[in-house]
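Architecture at a glance
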Amino acid sequence: MVDVGYCMTVPLSYYITLSAVVFVTGLVGVLIRRNIIIILLSVELMLNATNINFVAFSQHFQNVAGQVFVFFTLTVAAAEVAVGLAIIIALYRSKSSINVDEFRLLKW
Amino acid sequence: MTLPLSDLAAILPELIVMATACLVLALEPITPAKRKEWLAWLSLGALAVCFCLTSAQMGVHATVFSELIVIDPYAGFWKLLLYAVTGLTLLMSLAYLKEERIHQTEYYGFLLLALVGMMVMVSAADLLTIYLGTELMSLSLYILAGFKRADGRSLEASAKYFVLGAFSSGILLYGISLLFGVAGSTRLSAIAAAVSLRSLDDPTLLVAMILLVVGFGFKMAVVPFHMWTPDVYEGSPTSVTAFMAVAAKAASFGAFLRVFLEGLGGLKANWHTLFLALCVTTLVLGNVVAIVQSSVKRMLAYSSIAHAGYALIGVVVAGHASASFEVRSLGLSSVMLYLAIYAFMTLGAFTIVAMLRKSGLEGDHLEDFSGLAKRQPVAAFLMLVFMVSLAGIPPAAGFIGKFYLFMAAVEADLAWLAVVGLLFAAVSAYYYLRVVMVMYMREPQTSADLAPRLAASPVMTVVLACALAGVIVLGLYPTPLVSLAAQAVLALK
């Protein structure tokens, strides 16, 4: 007797739903949070939602191209965080705040 | 797997610019302060070499690196434009950085890195390479925007650009992942094949398309995705602003046109209406809000938004289903022509703004231009030419650009769109000519410390001469550029 439970895979739609939920969480986070670090984290959530999509589709199509894409996304995300944090540190030194509402020299 | 030598030879220009960028970044700390300008001249030399290489490649049509990169006249057109713009920006920065007392020469390295990103964007045949190119461009520009570290406004511009840029990249990437789910590949050709098999109302495909429109909309600064543009353009160092307004916009348009015509060409019926709406809102908002600006730099930012709206007229024509192939090609080539002409006049206008100094700062307020004609007749006259060209008044080149766009719209039976464009060109004449009026009709500031001075230098003169030559020559004799654009368009399927 084969235990059916072991053969079952999680259906594609579950992954897509998960990634959509994570993506929307990130999207809303960017729009409503005022702390620039939290905004950065929310952007990372959006990127990771994309990674879930790529891996799920890659498994679905039996095509590794999607997983290769994930490696590139991860690398770019790391570079983005490095640049972003550098900018935030420079900003904190000049304004002693990381709240986006405080940045009013230019009309937002 | 080995890399074939012929593939590497095909991307030689990208490799050269990338190597020069790394060299500049590596040499910066060991170059004596007096010799730092040499790094800029080195970068300029690399650009000249690449310009020759890409010109020689213009007839080639090849896909390399298993269809990740395509070398064709379309990519060649954008690359030649990008070299010219980057070269002029480099020259302008030489003088501008000295005025601003910015001594870090990494600046040139980042400028070249941004250029590599743009070159990859315009010659990418896969969404992966498009994404990587976009990110390389954007990351370099975030850093460049904050290069005036002592100035809070520059840092703020950098932070805003970073937050909204990263946000838009996330949206773009999510769209790409959904397209991968539809097509099973990120190759534009595979996506085109998958689109033709699917029904046009497939929800995944539509959501993916809308996300791509939003992502590219941010990069091209199209209303309603333009919020970052005025703030970032105003706060950034002026040389960087000019580079962003011209080169980043051109590269984004280049990548965007290829994605939507080659990859999502089957969805024309769906995106055509979307772009029509974006085009009209961009024209209205960009031009109307520019009227109330008191900073010339900020006014030019809104004007760059408005110009993206004009360029979108050509995109709408290119996606018009009932138009013939010739008319659609005309729409596309007029977008390319327009952005090339826009590059020269905008660079010229920003150069004048960068040269105007008031007590160690930039004099970018409209007041600072008052009476400029009496004190600096040559600079005032040049600004007059650039403003007239931006407004689209003949014989300046801006007129030719608008003429081709409106002609394409009329031939595609979209005469009303041409009329809307014309109406808002008239609105734009108000705020462009207001600068001219202030320069020629108002009395200059009498007290010496209030009156801005003009930071003239040989390199600035060269930049202004090139921009002026571009505006005048292309205005009087546009035929070579028109035929170059028309040839380039044929490379797109």
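Refer to the structure presented above.
Another aspect to go through is the overall build of chain A. When helices and strands are counted, chain A shows four helices and zero strands. Helices and strands in chain A line up, N terminus first, as α-α-α-α. Looking at chain A as a whole, 36% of its 108 residues are labelled buried. Considering only contacts in chain A between residues 6 or more positions apart, those separated by 24 or more positions represent 55%. Carbon and sulfur atoms provide 67% of the accessible area of chain A, an area that totals close to 6,500 Å².

Going through the model one piece at a time under the given rule, you end up with 29 aromatic pairs over all chains. Aromatic side chains A:Phe61 and B:Phe180 sit 6.2 Å apart centroid to centroid with 75° between the ring planes, which places their arrangement in the edge-to-face category. Residue A:Phe61 is found in helix α3 (residues 36-61), and its partner B:Phe180 is found in helix α7 (residues 152-183); the two belong to separate chains. For A:Phe61, a relative accessible area of 30% corresponds to the partly exposed category. Consider the rings of B:Tyr431 and B:Tyr432, whose centres lie 4.6 Å apart with planes at 50°: the pair is tilted. Each of the two residues, B:Tyr431 as well as B:Tyr432, counts as buried. Within the aromatic cluster, the residues linked to one another by ring pairs are A:Phe54, A:Phe57, A:Phe61, A:Phe69, B:Tyr131 and B:Phe180.

With that out of the way, let us pick up unusual backbone geometry. If a residue is not glycine, its phi is most likely negative; likewise, a peptide bond is most likely trans. Residues and elements named next belong to chain B. In this structure, the amide linkage connecting Val223 to the following residue, Pro224, adopts the cis form with an omega of 5°. Within the secondary structure, Pro224 is located in the loop between α9 (203-220) and α10 (228-235). Cis geometry is found at the peptide bond from Pro394 to Pro395, where omega equals 5°. For Pro395, the position within the fold is in the loop between α16 (377-391) and α17 (397-411). A positive phi angle is found at Ser66, which is not glycine, with a value near 40°. Overall, Ser66 belongs to the exposed group, its relative accessible area being 57%.

Once that is clear, we can look at the interface of chain B and chain A. Interface size is often expressed as the accessible area that is lost when the parts come together. The interface of chain B with chain A comprises 37 residues on the first partner and 42 residues on the second. Here chain B packs against chain A, burying approximately 3,500 Å² in sum over the two surfaces, 80% of which is carbon and sulfur. Per-residue buried area on chain B facing chain A is highest for B:Glu156, B:Tyr174 and B:Phe180; these three make up 19% of the total on that side. Joining chain B to chain A, the criterion identifies one salt bridge. Between A:Lys95 and B:Glu156 there is a salt bridge whose closest N-O contact spans 3.2 Å. Here chain B is connected to chain A by five residue pairs in polar contact (both at pLDDT 80 or more). With 22 residues, α7(B) is the single largest residue contributor to the side of chain B that touches chain A.

Here we come to the sheet that holds strand β3 (residues 356-358) of chain B. Working definition: the strands of a sheet are paired by backbone hydrogen bonds and lie parallel or antiparallel to each other. Pairing is antiparallel across the open sheet formed by three strands, whose spatial order is β4-β3-β5 (chain B). Strands with a single pairing partner mark the edges of an open sheet, and in this sheet they are β4 (361-362) and β5 (453-454) of chain B.

This next bit is on the nonpolar core. Residues and elements named next belong to chain B. Formed by 233 residues in total, the largest nonpolar core has its most connected members in Trp78, Phe253, Phe256, Phe260, Leu264, Phe369 and Met387. Take this core: its biggest share by element is 21 residues, from helix α14 (residues 325-355). Excluding its chain neighbours within four sequence positions, the residues that come into contact with Phe256 are Phe216, Met220, Phe275, Leu312 and Val315.

Take the side chain of B:Glu100 next. All names here are of chain B. Here Glu100 shows up in helix α4 (residues 73-100). You can call Glu100 buried: its relative accessible area is 16%. In terms of polar contacts, Glu100 uses its side chain to reach the side chain of Arg357, at 3.2 Å. With sequence-adjacent residues up to four places away left out, Glu100 is seen in contact with Lys148, Arg357 and Glu362.

All names here are of chain B. Looking at the element boundaries, Gly146 is found in the loop between α6 (127-145) and α7. The class of Gly146 is buried, set by a relative accessible area of 10%. Sequence separation of Gly146 and Glu156 is 10 residues, and the distance between their C-alpha atoms is 7.6 Å. The contacts of Gly146, once residues within four sequence positions are left out, are Ser154, Leu155 and Ser158.

Thresholds, definitions, all that
- Residues numbered from 1 in each chain as written.
- Chains lettered and ligands numbered in written order.
- Predicted model: local features only at pLDDT ≥ 70, side-chain atom pairs only at ≥ 80, totals over all residues.
- Heavy atoms only, no water.
- Helix = DSSP H or I, 4+ residues; strand = E, 2+ residues; numbered from the N terminus.
- Buried < 20%, exposed > 50% of the residue type's maximum accessible area, 1.4 Å probe, protein only.
- Contact = heavy atoms within 4.5 Å.
- Areas by Shrake-Rupley, 256 points an atom, 1.4 Å probe, with all protein chains shown as cover.
- Phe/Tyr/Trp six-rings, centres within 6.5 Å; stacked < 30°, edge-to-face > 60°.
- Buried area = accessible area lost by both parts, 1.4 Å probe.
- Salt bridge = Lys/Arg side-chain N within 4 Å of Asp/Glu carboxyl O.
- Polar contact = N/O pair within 3.5 Å; in protein donor to acceptor, adjacent residues only side chain to side chain.
- Pairing = 2+ DSSP bridges.
- Core = buried A, V, L, I, M, F, W, Y, C linked by side-chain atoms within 4.5 Å.

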